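Spelled out, the chains give:
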Amino acid sequence: MNKPVKGDGTVGKALDILDQVARVGRPVRFSELLEDSPHPKATLYRFLQTLTNQGMLSYDEERQAYALGLRLVRLAHTAWQQSSLAPVAQPLLDLLATEVGETIHLAQMENGQVLFVDKRKTTDRFDTLAQAGRVAPAHCTGVGKAILAFMTPERLERALKQQNFMRYTATTHPDAASMIAEFDQICADGVAYDREEHEEGIISIAAPIFTDAGKVIGAVSIASSTNRNSIESLAQHRERLIATTTKIGAAASAWQFPS
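My aim in this report is to walk through the structure given alongside it, one point at a time. These figures come from a predicted structure and were not determined experimentally.

1. Some points on the packing of aromatic side chains
Then, in step 1: What the rule picks out here adds up to three aromatic pairs.
Then, in step 2: Aromatic side chains Phe30 and Tyr45 sit 6.1 Å apart centroid to centroid with 75° between the ring planes, which places their arrangement in the edge-to-face category. Linking Phe30 in helix H2 (residues 30–35) with Tyr45 in helix H3 (residues 41–53), this pair joins segments that are 15 residues apart in sequence.
Then, in step 3: Overall, the relative accessible area of 18% leaves Phe30 in the buried class.
Then, in step 4: Given the relative accessible area of 44%, Tyr45 is considered partly exposed.
Then, in step 5: With 5.3 Å between their ring centres and 85° between their planes, Phe150 and Phe210 make a pair best called edge-to-face. Taken as a pair, Phe150 in the loop between helix H6 (142–148) and helix H7 (153–161) and Phe210 in strand E8 (residues 202–210) lie far apart in primary sequence, 60 residues in all.
Then, in step 6: Phe150 sits in the partly exposed class, given a relative accessible area of 23%.

2. Looking at the nonpolar core
Then, in step 1: If you look at the biggest cluster of nonpolar residues, it comprises 27 residues, and the most contacted ones within it are Leu85, Ile104, Leu106, Val220, Ile222, Leu241 and Ile248.
Then, in step 2: Of all the elements in the fold, those that place two or more residues in this core are helix H5 (86–100), strand E4 (103–110), strand E5 (113–120), E8, strand E9 (216–225), helix H10 (231–235) and helix H11 (238–254).
Then, in step 3: Broken down by element, the residue count for this core peaks at eight residues, all from H5.
Then, in step 4: Excluding residues within four positions of it along the chain, Ile248 makes contact with Leu85, Ala89, Leu92, Leu93, Ile209 and Val220.
Then, in step 5: Grouped together as the second largest cluster of nonpolar side chains are 23 residues, Ala107, Val114, Met179 and Ala219 included.

Cut-offs applied
Residues numbered from 1 in each chain as written. Predicted model: local features only at pLDDT ≥ 70, side-chain atom pairs only at ≥ 80, totals over all residues. Heavy atoms only, no water. Phe/Tyr/Trp six-rings, centres within 6.5 Å; stacked < 30°, edge-to-face > 60°. Helix = DSSP H or I, 4+ residues; strand = E, 2+ residues; numbered from the N terminus. Buried < 20%, exposed > 50% of the residue type's maximum accessible area, 1.4 Å probe, protein only. Core = buried A, V, L, I, M, F, W, Y, C linked by side-chain atoms within 4.5 Å. Contact = heavy atoms within 4.5 Å.

Pasting the structure below:
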């Protein structure tokens, strides 16, 4: 059964189709796309042909399957260079990971959610759900709370409306009031903690990244497992973490990071 059409006009429909191909995670045949498409067969085929002609999709004749095209890859790479903190943060993240010997995450906020843009993994003894390119809830992650706590009231109001406050663990904040009650302490300490709020057995300490103008534009976290560390032992990295985010903020400001 066809689903309701979403998106803003022709461009929105085309983007929805690109999203649909991306979600499959592998080359996908026309029949599979049609099964889950809100568009009639002829309309879907026309969009696929246009997107393929424009290099946004590629088509494998042998497998008769569509995949994301190289033009999208080039655009994504340019967007990453221009809008992501990753390029300017890279050497500082490398140094921090070497110094603390734990997993490092770099994140930004997008539509009220946390977008992980880089990661350093220093051990195979544990891993986190966070991976570069993945999105996670802001209300139950260290990086998310570190960004939210330092937002202007207007930005915070918008971001809070985009939280679903899903309970992932027993320590997840169940609502906005519960999370906001923690903000005074976060602002006083300059860091936020994830106390197994997103994943059982995973904890972190996170610090915000500010531009020279004082706008929060991201956060860095040091994550570990409860088998390796406690919140108290992670707190020992506070000064080193804040020094790192301060340097990233200065580099981002000099680079004229988009505001």
